[in-house]
Amino acid sequence: MTSESRITRGLRPGDEALHLASRLEEGGDAWLVQVVDDPSGRLTGQRIVRWREPGTATGGVGSLGSGALDRAVEDLLERQPKRGLHPLVESLQVYVEYFPATPRLLIVGAGHIARPLAQVGHLLGYRVEVLDDRPAFLIASNFPHAQRLVTVDFADPFRDISLGASAHLILVTRGHKYDYECLRRALVDPHPPAYIGMIGSRRRVRATYVQLEREGIPPEAIAAIRAPIGLDLGAETPEEIAVSIAAELVLLARGGTGVPLRDQERVAERFGGTP
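Conventions we followed
- Residues numbered from 1 in each chain as written.
- Predicted model: local features only at pLDDT ≥ 70, side-chain atom pairs only at ≥ 80, totals over all residues.
- Heavy atoms only, no water.
- Helix = DSSP H or I, 4+ residues; strand = E, 2+ residues; numbered from the N terminus.
- Buried < 20%, exposed > 50% of the residue type's maximum accessible area, 1.4 Å probe, protein only.
- Contact = heavy atoms within 4.5 Å.
- Areas by Shrake-Rupley, 256 points an atom, 1.4 Å probe, with all protein chains shown as cover.
- Core = buried A, V, L, I, M, F, W, Y, C linked by side-chain atoms within 4.5 Å.
- Expected span 1.5 Å × (residues − 1).
- Arc of directions from axis to C-beta.
- pLDDT = per-residue confidence, 0-100.
- Salt bridge = Lys/Arg side-chain N within 4 Å of Asp/Glu carboxyl O.
- Axes fitted to C-alpha atoms, helices over the stretch in contact; angles between N-to-C directions.
- Parallel < 35°, antiparallel > 145°, perpendicular 65-115°, else oblique.
- Left-handed = near helix turned anticlockwise from the far one by under 90°.
- Nonpolar A, V, L, I, M, F, W, Y, C, P; charged D, E, K, R; others polar.
- Pairing = 2+ DSSP bridges.
- Right-handed = clockwise from strand over helix to strand, strands pointing away.

Caption draft 1: How the structure looks around the overall build of the protein. Each helix and strand counted, the protein has 10 helices and 10 strands in total. Looking at the protein as a whole, 41% of its 275 residues qualify as buried. In the protein, 53% of the contacts between residues at least 6 apart in sequence involve partners at least 24 apart. Accessible surface, the protein: about 15,200 Å² in total, of which carbon and sulfur atoms supply 51%.

Following this line, the structure appears as structure tokens:
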């Protein structure tokens, strides 16, 4: 069951649920807070929706009827409460439901790798956005699974694009200099993405790291870059490279090892068969 259906079921069309659904679609975190226990009975059932969009923007709809109570809700959410019942003030209790942001796959470069990668990213549940400086390459029929196609200037690629913790940035432009500029911009963004991967040979990646170091990028930020991007699958075709990149995303998200399950479980060896 999707977040939208869980929230909108039983609620009137046009109320806070619609705001919540739209924020989830845009890639922001969201919270639904509902009063479930009010001795006076006056506030029972009242709801507030609060969201945090990629970057710094926050907002919300709904009110508990007073500034003091609304600020109490804000203070509660600042403490990152777990899903469930929480005391608000005195004998007032609220139920908090948290909806994490839909992970976003930002593919910079609309070439041969981008097409299958957008499809695989969609299958993995990412909100796919494809960026390029060539409008002619951003054709909807080439990217039927992308939620957004954006023409950008690689000199300032994220001017109108929010990054932040829900973003997974894949740099596969047509030229190393474009990859580098996008990489540098992402590393100095006040809200960097959760993942940055860049295609390139060992020589080019090393040259990139040297240049970033000269520009004062902290070593820990450089170390977090996934480059060359992907797992070693022996991939050659764009489709195989897309699978390699997607496999790394799954590995990092799920905490896997990348070791073949056959070698990890050693079923045949344990049962006396051929290892």
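Caption draft 2: Representation of the nonpolar core within the structure. Counting 26 residues, the largest nonpolar core has Val-108, Phe-158, Leu-169, Leu-171, Leu-183, Leu-187 and Leu-212 as the members making the most contacts within it. Elements supplying a minimum of two residues to this core: strand S6 (104-108), strand S9 (167-171), helix H5 (176-188), strand S10 (195-198), helix H6 (202-214) and helix H7 (219-223). With residues near it in sequence (within four places) discarded, Leu-183 still touches Leu-171, Ile-196, Met-198, Thr-208, Leu-212 and Ile-225. Counting residues in hydrophobic clusters, the runner-up holds 21 residues, among them Ile-107, Ala-114, Leu-117 and Tyr-195.

Caption draft 3: How the structure looks around H6. Over its 13 residues, H6 extends 19 Å from the first C-alpha to the last, a length consistent with the 18 Å expected when each residue adds 1.5 Å. Every buried residue of H6 is listed here: Val-205, Thr-208 and Leu-212. Down the axis of H6, the buried set is contained in an arc of 55°. They therefore lie on one face. Seen from the open side of H6, the exposed residues pointing more than 90 degrees away from its buried face are Arg-202, Arg-203, Arg-206, Glu-213 and Arg-214. Elements in contact with the buried residues of H6: H5, S10 and H7. Once H6 ends, the next one or two residues include Gly-216, with phi positive near 85°.

Caption draft 4: Quick look at the confidence of the model for the protein. Here the protein shows a mean pLDDT of 84. Residues at 70 or above account for 85%. Averaged pLDDT values for the elements of the protein fall to 34 in helix H1 (residues 3-8) and rise to 97 in helix H4 (residues 114-123). The low-confidence segment residues 1-14, where pLDDT is below 50, has 17 contacts with residues more than four positions distant or belonging to other chains.

Caption draft 5: Geometry of H5. Between its first and last C-alpha, H5 extends 19 Å over 13 residues, near the 18 Å set by a 1.5 Å rise per residue. Looking only at H5, the buried set comprises Asp-179, Tyr-180, Glu-181, Cys-182, Leu-183, Ala-186 and Leu-187. In this fold, the buried residues of H5 make contact with S6, S9, S10, H6 and H7.

Caption draft 6: Geometry of the pattern of salt bridges. Going through the model one piece at a time under the given rule, you end up with 15 salt bridges. The residue Asp-132 makes a salt bridge to Arg-134 at a minimum N-O spacing of 3.0 Å. The shortest N-O distance in the salt bridge between Arg-174 and Asp-133 comes to 2.7 Å. Residue Arg-174 is found in the loop between S9 and H5, and its partner Asp-133 is found in the loop between strand S7 (127-132) and strand S8 (148-151); the two are separated by 41 residues along the sequence. Residue class for Arg-174 comes out partly exposed when judged on its relative accessible area of 43%. Note on Asp-133: relative accessible area 24%, which makes it partly exposed. Overlapping salt bridges, with partners in common, bring together Asp-156, Glu-181, Arg-184, Arg-185 and Glu-215 in one network.

Caption draft 7: Quick peek at unusual backbone geometry. For the bond running from Ala-227 to Pro-228, omega is -5°, close enough to zero to count as cis. Mapped onto the secondary structure, Pro-228 falls in the loop between H7 and helix H8 (238-254).

Caption draft 8: Geometry of the packing of H5 against H6. Relative orientation of the contacting elements H5 and H6 amounts to 40°, with a least axis distance of 11 Å. In terms of orientation, H5 lies oblique with respect to H6. Relative to H6, H5 is oriented so that their crossing is right-handed. Counting all contacts with H5, which are made through His-176, Tyr-180, Leu-183, Arg-184 and Leu-187, the residues of H6 involved are Arg-204, Thr-208, Gln-211 and Leu-212. Grouping the amino acids of the contact of H5 with H6 by side-chain chemistry returns four nonpolar, three polar and two charged.

Caption draft 9: Focus on the pairing of S9. The buried fraction of S9 amounts to five of the five residues, a majority that puts the element mostly inside the structure. Of the two faces of S9, the one holding Ala-167, Leu-169 and Leu-171 and the one holding His-168 and Ile-170 are both buried throughout. As paired strands, S6 and S9 are joined by five bridges and run parallel to one another. Looking across to S9, one finds that Ile-107 is bridged to Ile-170. Pairing geometry for S9 and S10, over four bridges, is parallel. Residue pairing for S10: Leu-171 is matched across the bridge by Met-198. In the classification by handedness, the crossover that spans S9, the intervening H5 and the parallel S10 is right-handed.

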